[in-house]
Amino acid sequence: MTRRCVPHRSLLTTLGVISALGIGMLIAVTPAQAAPPLSVSTVAAGLDKPWDIEIAPDGTIITGERSGRFVAIRPGGTAQTVRADQSKLFVTNEAGLMGLAVDRGFTSNRTLYSCQAEKTSPTAFGTGSAGSLPIPFPNSGQVINVVAWRVADDWSSLTRTRTVLSNIPVNSGGRHAGCGLTAAPDGTLWVGTGDNAVRSYPQSRTSLGGKVLHITTGGAPAGGTIPGTPIYSLGHRNVQGVTIQPGTGRIYSIEQGTDRDDELNLLQAGGNYGYRPDRAPLIYDESVPMTDPARVPGAIGAVWSSGAPTIATPALEFLPASGWGDLGGAAVISAQKGKRLVFVTLSENGRETVRITDGLRDTYGRLRALHVDRDGSLLVSTDNGGDDRILRVRPAS
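By the naming in an unreviewed UniProt entry, the protein is Glucose/arabinose dehydrogenase, beta-propeller fold, taken from Williamsia maris.

In structure tokens, the structure reads:
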């Protein structure tokens, strides 16, 4: 295990743009206070693009590489590959094995959920980075599924038990695949999806792309969704993180922006978050605003946004209220392109940004997955490819 202390850097910003009702307004933001340095240790190394992190009731840390490998880090620090049949997995560009969630009844049912792209045809092919072009790419026989697995008692293997939800779109380019996954205290699942860079998906009430979904573990629509669908909110670009604020039950999502405005959103049932990339004919037009109340009446604005340029924000967690000093209770956001953590302290009503602080800037490269461990420390995965790590971050004593 390696350990080091990394100084915090504060964004001494005095102005910020927030919106609670979809109407942008400029407000003063309290200058960030000095934060303590962070203590960082390595939990696991030798990983390749670990997309998400979960913790089982026995303290086992479970992660999944985008290429399809599950890895368990047992209490004591031993890492082991968890065997699973991933012969259906479709891996290209941003698509592959993505979000993970541990069932709330894991102790008795040993159930783990994954959100992953899968082949529906043996002829499915990926176009890789070519999928970033602003033109539609075909579906060559693939879909994103939420899958349930049963974990062996010794963590040696996973056995697939069922497909919980299907028909989340992904095309051959694999672009904007999503797919954040969170198990709520009430046992339901929250799923963030990407719009596949398809111009019609974010505002469609039939496509599951560019949405936040709310389902039961049986795959049925749960509370607050558009009737007859699992859609809780729409008008999103690429939601890779959904989480629940402790103590309030508020649902927040983090999504990646175009060339500006990665967004932290407070979700409302049936809410439209205003992304509509169909302004230009035929092409996926990313010159539009991330929230566009002019073209999407009633669009709900972000609680926090990155401005320009974007920092590429894949994950979101809330820190414990105690043990983190001035950062207690803050939302923490990881950044891939920005290569740092962003701590966002919110107002009491959860709709305004009070303070912004950043940490680990340009220290460990691209950062992706986040999860608060049982001791209150923060687990963070790197996303550099080849020799990635899971880090444990806490305030230095």
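Further notes follow.
S.K.: An account of the pattern of salt bridges is requested, with residue identities and associated values reported.
M.R.: Scanning all chains against the criterion turns up 19 salt bridges. Its salt-bridge partner being Arg 74, residue Asp 58 comes within 3.9 Å of it at the nearest N-O pair. Of this pair, Asp 58 sits in the loop between strand S6 (50–55) and strand S7 (61–65) while Arg 74 is found in the loop between strand S8 (70–73) and strand S9 (79–82), placing the two residues 16 residues apart along the sequence. Overall, the relative accessible area of 33% leaves Asp 58 in the partly exposed class. Assessed through its relative accessible area of 24%, Arg 74 is described here as partly exposed. Asp 278 is paired through a salt bridge with Arg 295; the nearest N and O atoms lie 2.6 Å apart.

S.K.: Account for the packing of aromatic side chains, with residues named and values stated.
M.R.: This model, assessed by the stated rule, comprises 5 aromatic pairs. A ring pair is formed by Phe 70 and Trp 149, whose centres lie 5.6 Å apart and whose planes are at 70 degrees; its orientation type is edge-to-face. Within this pair, whereas Phe 70 is found in strand S8, its partner Trp 149 is found in strand S12 (residues 142–151), the two being separated by 79 residues in sequence. In this pair, the class of Phe 70 matches that of Trp 149, namely buried.

S.K.: Kindly report on the nonpolar core, identifying the contributing residues and their values.
M.R.: Ile 144, Val 146, Ile 168 and Val 191 are the most contacted members of the largest nonpolar core, which has 28 residues in total. Those elements that provide at least two residues to this core are strand S10 (97–102), strand S11 (111–119), S12, strand S13 (158–168), strand S14 (180–183), strand S15 (189–192) and strand S16 (212–215). When residues no more than four places from it in sequence are discounted, the contact partners of Ile 144 are Met 98, Cys 115, Gln 116, Ala 117, Leu 165, Ser 166, Asn 167, Ile 168, Pro 169, Val 170, Ala 177 and Cys 179. Ranked by size, the runner-up nonpolar core spans 18 residues in total, among them Val 40, Trp 324, Leu 341 and Tyr 364.

S.K.: Mind laying out the sheet that holds S7, listing which residues take part and the relevant values?
M.R.: With antiparallel pairing, 4 strands are arranged side by side in an open sheet as S6-S7-S8-S9. Either end of the sheet is taken by a strand with one partner, and the two such strands are S6 and S9. Averaged over all adjacent pairs, the angle separating strand axes in this sheet is 25 degrees, with direction ignored. Here 4 bridges tie S8 to S9, and the two strands are oriented antiparallel to one another. Along S9, the bridge assignment pairs Ala 72 with Gln 80.

Calculation notes
- Residues numbered from 1 in each chain as written.
- Predicted model: local features only at pLDDT ≥ 70, side-chain atom pairs only at ≥ 80, totals over all residues.
- Heavy atoms only, no water.
- Salt bridge = Lys/Arg side-chain N within 4 Å of Asp/Glu carboxyl O.
- Helix = DSSP H or I, 4+ residues; strand = E, 2+ residues; numbered from the N terminus.
- Buried < 20%, exposed > 50% of the residue type's maximum accessible area, 1.4 Å probe, protein only.
- Phe/Tyr/Trp six-rings, centres within 6.5 Å; stacked < 30°, edge-to-face > 60°.
- Core = buried A, V, L, I, M, F, W, Y, C linked by side-chain atoms within 4.5 Å.
- Contact = heavy atoms within 4.5 Å.
- Pairing = 2+ DSSP bridges.
- Axes fitted to C-alpha atoms, helices over the stretch in contact; angles between N-to-C directions.

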